[in-house]
Amino acid sequence: MTQITDRLKNVHCQIDAAAIAAQRQPQAIKLLAVSKTRPAEELRQAWACGQQAFGENYLQEALDKIEALQDLNIIWHFIGPIQSNKTRAIAENFSWVHSVDRFKIAQRLSDQRPVNLPPLNICLQVNISGENSKSGVLPADLPALAAAVATLSNIRLRGLMAIPASSDDPEQQRKPFAQMNHLLQSLQRQLPDQPLDTLSMGMSGDMEAAILEGATIVRIGTALFGPRDYSSHHQS
Ligand SMILES: *Cc1c(COP(=O)(O)O)cnc(C)c1O
């Protein structure tokens, strides 16, 4: 408990310091706690320390925790790769999805979003470093994808997400984040009726750089929960 309290405080301090350096309001940056591989009990502790938004990558693991923690009003974000056969459970159980990079997935999420729930908040994942191995839409294909997604009725297109190629150099880290900021600004001009207010970028190793370039959600795992152990973990 003490550990998570201290780590949460530290991360909030880092966010606030970066916001001040960027001459931004600290409240303009939301902390998403990335809880993949962490047991439900650790999320409960983080929640008790005031953390409300949690990000999960693997559907079955996430559904187990959603069930175990249904007494808490957690806001669940899906941030992992999405296969078509997983869209229904995602549409039914999450408030946000950060990892949409194909129209077909967005369409299924919209069609399968239960009518009693508010529209699903979506970020389009951009392959900003142009890596072959990475998911995400290429910047050149983003305007067409965004225009198509904006027509879907049960989706709110909130913005963009990226996981840039990693670098230890703070100056290098800023470049792809700055490009993301420009991409969001052009989308805002292209689709003025959409609530495009979100840049989901920055992880434990590069959150300062992301905040300096306009991140509104930082997705933090290791700095909050410690190093992950995948040895007993089964992906689904
Ligand atoms: C695991 C993960 C994170 C968190 O990474 P840390 O380096 O542990 O902070 C953020 N975003 C995505 C998409 C992830 O898969």
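What counts as what
- Residues numbered from 1 in each chain as written.
- Predicted model: local features only at pLDDT ≥ 70, side-chain atom pairs only at ≥ 80, totals over all residues.
- Heavy atoms only, no water.
- Core = buried A, V, L, I, M, F, W, Y, C linked by side-chain atoms within 4.5 Å.
- Buried < 20%, exposed > 50% of the residue type's maximum accessible area, 1.4 Å probe, protein only.
- Helix = DSSP H or I, 4+ residues; strand = E, 2+ residues; numbered from the N terminus.
- Contact = heavy atoms within 4.5 Å.
- Phe/Tyr/Trp six-rings, centres within 6.5 Å; stacked < 30°, edge-to-face > 60°.
- UniProt positions renumbered as here; feature names shortened; annotations may be inferred.

Trainee: An account of the nonpolar core is requested, with residue identities and associated values reported.
Mentor: Grouped together as the largest cluster of nonpolar side chains are 64 residues, with contacts concentrated most on V97, L109, I122, L124, L160, M180 and V218. Tallying contributions element by element places helix α1 (residues 2–21) first for this core, with 6 residues. Excluding residues within four positions of it along the chain, L160 makes contact with C123, L124, V126, L142, M180, L183, L184, L187, T198, L199 and S200. Formed by 8 residues, the second largest nonpolar core is a distinct cluster that contains A53, I79, W96 and I217.

Trainee: Can you tell me about the packing of aromatic side chains, naming the residues and giving the values?
Mentor: A ring pair, where both rings are aromatic, is described by two values, the distance of the centres and the angle of the planes. For the structure shown, the criterion picks out 2 aromatic pairs. Ring centres 6.2 Å apart and planes at 40 degrees place the aromatic pair F54 and W76 in the tilted group. Note that F54 is positioned in strand β2 (residues 53–56) and W76 in strand β3 (residues 75–78), a separation of 22 residues in sequence. The burial state of F54 is the same as that of W76; both residues are buried. Ring geometry for F78 and F94: centres 5.3 Å apart, planes at 85 degrees, overall edge-to-face. Note that F78 is positioned in strand β3 and F94 in the loop between α4 (87–93) and β4 (96–100), a separation of 16 residues in sequence. The pair F78 / F94 is uniform in exposure class, with both members buried.

Trainee: Explain the UniProt feature "modified residue: N6-(pyridoxal phosphate)lysine" (unreviewed entry) in the protein to me, using residue names and the numbers behind them.
Mentor: Here, the residues flagged by UniProt with the feature "modified residue: N6-(pyridoxal phosphate)lysine" (unreviewed entry) are K36. The topology assignment puts K36 in the loop between β1 (30–34) and α2 (40–48). With residues up to four places along the chain from it excluded, the contact list for K36 reads G55, E56, N57, Y58, E61, K65, R228 and Y230.

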